[in-house]
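Residue-level structure breakdown
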Amino acid sequence: MPELPEVETTLRGITPFVDKQKIKTINIYNASLRWPIDQLIANELKNKVVLNTARRAKYLLLHFKNGTLIMHLGMSGSMHIVEQKTPLQKHDHFELVFCNGKSLRLRDPRRFGAVLWTSDDWQEHKLLKSLGPEPFDENFTGEYLHKLSRKKSISIKSFIMDGHIVVGVGNIYASESLFLAGIHPTQAAKKISLNRFNTLVKSIKSILQQAIEKGGTTLKDFNTPEGKPGYFAQKLQVYGRKDLPCTICQHPIKHRVINQRATYYCTHCQK
């Protein structure tokens, strides 16, 4: 599933081609995504100019004078900038055609993605308004996590993956961040000290930044807007490495399921 680094990579890839560009037409080839695409979006966007692009959590935002287009890549989605006459691929479901000769296409084999429109304040949209801070925000600190965790008996991995606590720490990046911080993923959140939370926040920021610099992680479906895979998969220290030697201590990497998510860790390096 595309997570924050993959969505940020997508944002950076499409922005030079869509920012300040005028929309010529909108094509909805298959409206049956996670939520049906409203056919009225075509009326809202035709001849409108993209004021700017942004990201909130795993949502891509295209801001217009009359509202905001909110897009999500779902489980298997990706976005591609192509020439308008480029033949459609099998799973191309939505397309913005710009007056500059380029098109932005949403490709989503599993159709768990979303294309939504709001003419109101996007920050008050039901999918966005209760989200936690961005991991790169200055108010995302060890002290912040420590304060919220004091009565939380859930595992630290589940805690940092809660989008109401902080956005963008998906399953892969949670395992990698906890390994870098030396924290066992099953530790109860309330038992983590302030000092260890300070270390964990630094680790989360570091892992996500590295992943963005490598274009995200491609395990199966994700590709950048240029059609390239994300190369952070080559840097993974624990995720997907069950029974392989730890890169630090050579003990075998362990695997277990926490809150229905595959979790990888080193019993020697993580306490």
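In what follows, the structure referred to is the one given above.
Read on for an overview of the structure. Note that this is a predicted model, so its numbers are computed, not measured. (Residues numbered from 1 in each chain as written. Predicted model: local features only at pLDDT ≥ 70, side-chain atom pairs only at ≥ 80, totals over all residues. Heavy atoms only, no water.)

**Considering the sheet that holds strand E3 (residues 59-64)**
A sheet is described by the order of its strands in space; here four strands give the open sequence E2-E3-E4-E8, paired in antiparallel fashion. In this open sheet, the two edge strands, each paired with only one partner strand, are strand E2 (52-56) and strand E8 (114-118). Mean inter-strand twist for the sheet, computed between neighbouring axes without regard to direction, equals 20°. Across the sheet, helix H1 (residues 4-18) is in contact with E2 and E3; its angle to E2 comes to roughly 175°. (Pairing = 2+ DSSP bridges. Helix = DSSP H or I, 4+ residues; strand = E, 2+ residues; numbered from the N terminus. Axes fitted to C-alpha atoms, helices over the stretch in contact; angles between N-to-C directions. Contact = heavy atoms within 4.5 Å.)

**Side note on the sheet that holds strand E1 (residues 23-28)**
On the basis of which strands lie adjacent, the open sheet formed by four strands has the order E1-E6-E7-E5 and antiparallel pairing. Of all the strands in the sheet, just E1 and strand E5 (78-83) have a single pairing partner and so form its edges. Looking at each pair of strands side by side, their axes are set apart by 20° on average, direction ignored. In terms of strand pairing, E1 meets strand E6 (residues 92-98) through five bridges, oriented antiparallel. What sits directly across from Asn-27, in E6, is Glu-95. Packing of H1 onto the sheet brings it into contact with E5, E6 and strand E7 (102-107), and relative to E5 it is tilted by some 30°.

**As for helix H6 (residues 194-213)**
Here H6 is 20 residues long and its end C-alpha atoms lie 29 Å apart, about the 28 Å a rise of 1.5 Å per residue gives. Within the span of H6, buried status applies to Phe-197, Leu-200, Val-201, Ser-203, Ile-204, Ile-207, Leu-208, Ala-211 and Ile-212. Projected onto a plane normal to the axis of H6, the buried residues spread over an arc of 165° and lie on a single side. Facing away from the buried side of H6, by more than 90 degrees, are the exposed residues Asn-195, Lys-202 and Glu-213. Residues of H6 that are buried in the fold lie against H1, helix H3 (142-149), helix H4 (156-160) and helix H5 (171-181). (Expected span 1.5 Å × (residues − 1). Buried < 20%, exposed > 50% of the residue type's maximum accessible area, 1.4 Å probe, protein only. Arc of directions from axis to C-beta.)

**Notes on the packing of aromatic side chains**
For the structure shown, the criterion picks out four aromatic pairs. For the ring pair Tyr-239 and Tyr-264, a centre distance of 5.0 Å and an interplane angle of 65° mean the geometry is edge-to-face. Taken together, the residues Tyr-239 in the loop between H6 and strand E9 (254-258) and Tyr-264 in strand E10 (residues 261-265) connect sequence positions 25 residues apart. (Phe/Tyr/Trp six-rings, centres within 6.5 Å; stacked < 30°, edge-to-face > 60°.)

**A look at the pairing of E6**
Along E6, seven of the seven residues are buried, which leaves the element largely enclosed by surrounding structure. In sequence, E6 turns back onto E7 through a hairpin of three residues, with Gly-101 there showing a positive phi of about 90°.

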